[in-house]
Amino acid sequence: MRIHAEVNGEAREFETKGSESLLFVLADQLGLPGAKGACEQGECGSCSVMLDGRLVCSCLVMAVDVDGSEIVTVEGLGRSGLHPVQKALVDSGAVQCGFCTPGFVVAAAALLDENPVPSSDEIREALSGNICRCTGYGAILRGLDSLAGNR
Ligand code: FES
Ligand code: FES
């Protein structure tokens, strides 16, 4: 099946047999490896992307289902220089191995799109689906609190 979608603002197309996840197609066919596969069960958030304005785990989305959709990946967020979330995480020293970072960036950017001035509790709630195996939560949350103007 030939699938057409807008990916990071560009019209893209790809082939799918119907059994591949969006996560797989992004990396394997569209040259976008930013979303990371870890659990591939919707548990860790490292594969987060925006699909038609909603935050989703791309490991749980079948590629065949995105025909006609708009997708934004972490590569799309950083197209014209660092996204404010990326800058905040760099400034707070929040990146260790970096594997979880794309997922945190996409989830935090999605939150700020909806709620530009989130409280600390709202940030924690919004990121509760993202796991950092390096356990760098303190620096991640400090960076995002600082971006949102929280103490
Ligand atoms: S790889 Fe998709 S949620 Fe973990
Ligand atoms: S920085 Fe290594 S998993 Fe989060």
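Because the structure is predicted, anything quoted here is derived from the model rather than measured. (Residues numbered from 1 in each chain as written. Chains lettered and ligands numbered in written order. Predicted model: local features only at pLDDT ≥ 70, side-chain atom pairs only at ≥ 80, totals over all residues.)

Caption draft 1: Structural detail: the overall build of the chain. When you go through the chain residue by residue, the secondary structure sums to six helices and five strands. Across the chain, helices and strands are ordered from the amino to the carboxyl terminus as β-β-α-β-β-β-α-α-α-α-α. On C-alpha atoms alone, the chain measures out to a radius of gyration of 15 Å, which is about the 15 Å that the 2.2 N^0.38 rule sets for 151 residues. Counting only C-alpha atoms, the chain reaches 50 × 25 × 25 Å along its principal axes. Counting every position in the chain, which comprises 151 residues, the buried fraction comes to 41%. Look at the contacts in the chain between residues 6 or more apart in sequence, and 60% of them connect residues 24 or more apart. (Helix = DSSP H or I, 4+ residues; strand = E, 2+ residues; numbered from the N terminus. Rg over C-alpha atoms; globule rule 2.2 N^0.38 Å. Buried ≥ 20, exposed ≤ 12 C-beta atoms within 10 Å, placed from the backbone. Contact = placed C-beta atoms within 7 Å.)

Caption draft 2: Highlighting helix α4 (residues 101-114). In this model, α4 (14 residues) spans 20 Å end to end at C-alpha, consistent with the 20 Å of a helix rising 1.5 Å per residue. Every buried residue of α4 is accounted for by Thr101, Pro102, Gly103, Phe104, Val105, Val106, Ala107, Ala108, Ala109, Ala110 and Leu111. Taken together, the buried residues of α4 touch β3 (48-51), β4 (54-57), α2 (74-77), α3 (84-91), α5 (120-126) and α6 (137-148). (Expected span 1.5 Å × (residues − 1).)

Caption draft 3: Spotlight on the domain arrangement of the chain. Segmentation of the chain into domains returns domain 1 (2-77) and domain 2 (84-148). A straight line from the C-alpha centre of domain 1 to that of domain 2 covers 21 Å. Each partner contributes residues to the interface: domain 1 has 13 residues there, and domain 2 has 12 residues. For the side of domain 1 that touches domain 2, the secondary-structure elements that each account for two or more residues are β3 and α2. Looking at which element gives the most residues to the side of domain 1 that touches domain 2, the answer is β3, with three residues. Across the side of domain 1 that touches domain 2, the residue classes tally to eight nonpolar, four polar and one charged. (Domains from an automatic or database assignment. Nonpolar A, V, L, I, M, F, W, Y, C, P; charged D, E, K, R; others polar.)

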